[in-house]
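Notes for the structure review
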Amino acid sequence: MIILAIESSCDETSAAVIKDSNILSNIVSSQLQHSDYGGVIPELASRLHQQQIVRVVKKALQTAEVEKEELNAVAFTRGPGLLGALLVGISFAKTFAFGLGIPLIEVNHMEAHVLANFIDSPQPEFPFICLTVSGGHTQLVLVRDYLNMEIIGETIDDAAGEAFDKAAKIMGLPYPGGPLIDKYAKEGDIHAFQFPTPDVGKYTFSFSGLKTSILYMLRDGIKENPKFIEDNLNDICASYQHRIITILLDQLKLAAEEHHVKHLAIAGGVSANSLLRTRFQELCDQNGWQAHIPAFEYCTDNAGMIAIAAHYKYVKGEFADLDVVPFTRGKG
Ligand code: KG4
Ligand code: ZN
């Protein structure tokens, strides 16, 4: 069974080929053009997907050494994501599948992030809890089976990735700021500055207060020293990152204890963060939980994760109709 999978929900145009449950290729073309604007411009994203999609799909097939006639299905991200960006991937997938006379498979982007944990071994055992942290979402997901997931907690305002990106923007760093904060934090002191822990309920996240607090802290610091950010960049990044990761892992720990799971996973773009990866592993080691972290290339948006999700849907015979439409929020 060979499936071509396409991801175009935000600012990565990606195509992957999977044979049974083995990823043969995973090509990702990142739209660096958005960095000039400090965030993703939806209209620009759609146009860049249009320009790249044919090249990216061709490269995915070539790398996998698969002819299009060998494909058994075409999968695509149906949502959540940017409407125009999703439409490019969906239209391409429909046309390709229709032309080849093979079935279509729709995939939920957030479920695919979770299922990225099944690309490599050892795989998580059900039930497990996954902390899914990306630019648009922060979720605690109770995973009962490949296609049976329940969101047991989420953010009431910004996502964890947004907390990274917005702070970076305030500090004058280019988009996406998460990887840069991660980099500078490596040389900084996590106790140099204090950031607040939000007073929210169980399994709930909130990051908008953190963003406000860094804004005021920088404003006050700059009043005293115009070069405050430059002089303290590593320490600011380390302290701020430390607070985000602590907030995330405290809630994950609580959820793991209360649900008595033995396996835990992380997923999504922020799971590429080096401190989160280390501290998550430590948390699991201390509590006797089995930790699962996707390989780096399957953390940020990629079609490999869409492909593994499509594999499980193909096995269950879950196919989409040709009149399927994208959804921008929720589960669709
Ligand atoms: O999953 P993803 O690629 O796209 C969405 O579905 O949103 O996640 C992108 C997010 C961005 O906010 C980016 O800053 C963040 O993941 N990110 C990181 C790191 N790498 C990517 N955040 C912190 N540390 C990183 N190393
Ligand atoms: Zn994503």
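If you're wondering where the values come from, they're calculated on a predicted model, not measured in any experiment.

Scoring rules and cut-offs
- Residues numbered from 1 in each chain as written.
- Chains lettered and ligands numbered in written order.
- Predicted model: local features only at pLDDT ≥ 70, side-chain atom pairs only at ≥ 80, totals over all residues.
- Heavy atoms only, no water.
- Helix = DSSP H or I, 4+ residues; strand = E, 2+ residues; numbered from the N terminus.
- Expected span 1.5 Å × (residues − 1).
- Bend = angle between axes of the 7 residues up to and from the residue.
- Salt bridge = Lys/Arg side-chain N within 4 Å of Asp/Glu carboxyl O.
- Buried < 20%, exposed > 50% of the residue type's maximum accessible area, 1.4 Å probe, protein only.
- Near = heavy atom within 4 Å.
- Polar contact = N/O pair within 3.5 Å; in protein donor to acceptor, adjacent residues only side chain to side chain.
- Areas by Shrake-Rupley, 256 points an atom, 1.4 Å probe, with all protein chains shown as cover.
- Nonpolar A, V, L, I, M, F, W, Y, C, P; charged D, E, K, R; others polar.
- Domains from an automatic or database assignment.
- Pairing = 2+ DSSP bridges.
- Axes fitted to C-alpha atoms, helices over the stretch in contact; angles between N-to-C directions.
- Contact = heavy atoms within 4.5 Å.

**Focus: helix H7 (residues 228-259)**
When the terminal C-alpha atoms of H7 are compared, their 45 Å separation across 32 residues agrees well with the 46 Å that a helix rising 1.5 Å per residue should span. At Asn-234, H7 shows its strongest bend, of approximately 55°. In the stretch just after H7, His-260 is the one whose phi turns positive, near 50°.

**Re the pattern of salt bridges**
Side chains that differ in sign of charge can pair as their charged atoms come close. Summed over all chains, the structure comprises 14 salt bridges. For Arg-78, the salt bridge goes to Glu-106, with nearest N and O atoms at 3.2 Å. Of this pair, Arg-78 sits in strand S4 (residues 73-79) while Glu-106 sits in strand S5 (residues 104-108); the two residues are 28 residues apart in sequence, bridging distant segments of the chain. The class for Glu-106 is partly exposed, based on a relative accessible area of 22%. Among the salt bridges present, the one from Glu-318 reaches Lys-313, with a minimum N-O distance of 4.0 Å. Taking relative accessible area as the criterion, Glu-318 reaches 32% and is therefore assigned partly exposed. For Lys-313, a relative accessible area of 13% translates into the label buried. Each of Asp-158, Glu-162, Lys-166 and Lys-211 takes part in salt bridges that share partners, so that together they form one network.

**With respect to the site of ligand 1**
Within the structure, ligand 1 sits among 19 residues, and Gly-135, Asp-165, Asp-182, Gly-269 and Asp-301 are positioned closest to it. Residue Gly-135 places a main-chain N or O atom 2.8 Å away from an oxygen atom belonging to ligand 1. Considered on its own, ligand 1 offers 560 Å² of accessible surface; in the complex 90% of this is hidden by protein. For the shell around ligand 1, the secondary-structure elements that each account for two or more residues are helix H3 (109-115), helix H4 (160-170) and helix H5 (178-185). Partitioning the shell around ligand 1 into residue classes produces five nonpolar, 11 polar and three charged. Two domains share the shell around ligand 1, each providing at least three of its residues, namely domain 1 (2-114 + 298-316) and domain 2 (123-293).

**Observations concerning the sheet that holds S4**
The sheet built from five strands is open, its strands ordered S3-S2-S1-S4-S5 with mixed pairing. Edge positions in the open sheet fall to strand S3 (22-30) and S5, since each of these has one partner strand only. When the angles between neighbouring strand axes are averaged without regard to direction, this sheet yields 20°. Seen against the sheet, helix H2 (residues 83-100) touches strand S1 (2-7), S4 and S5 and runs at an angle of roughly 160° to S4. Relative to the sheet, helix H9 (residues 303-316) contacts S1, strand S2 (12-19), S3, S4 and S5, its axis offset from that of S1 by approximately 135°.

Fair warning: the whole summary comes from geometry, so function is off the table for now.
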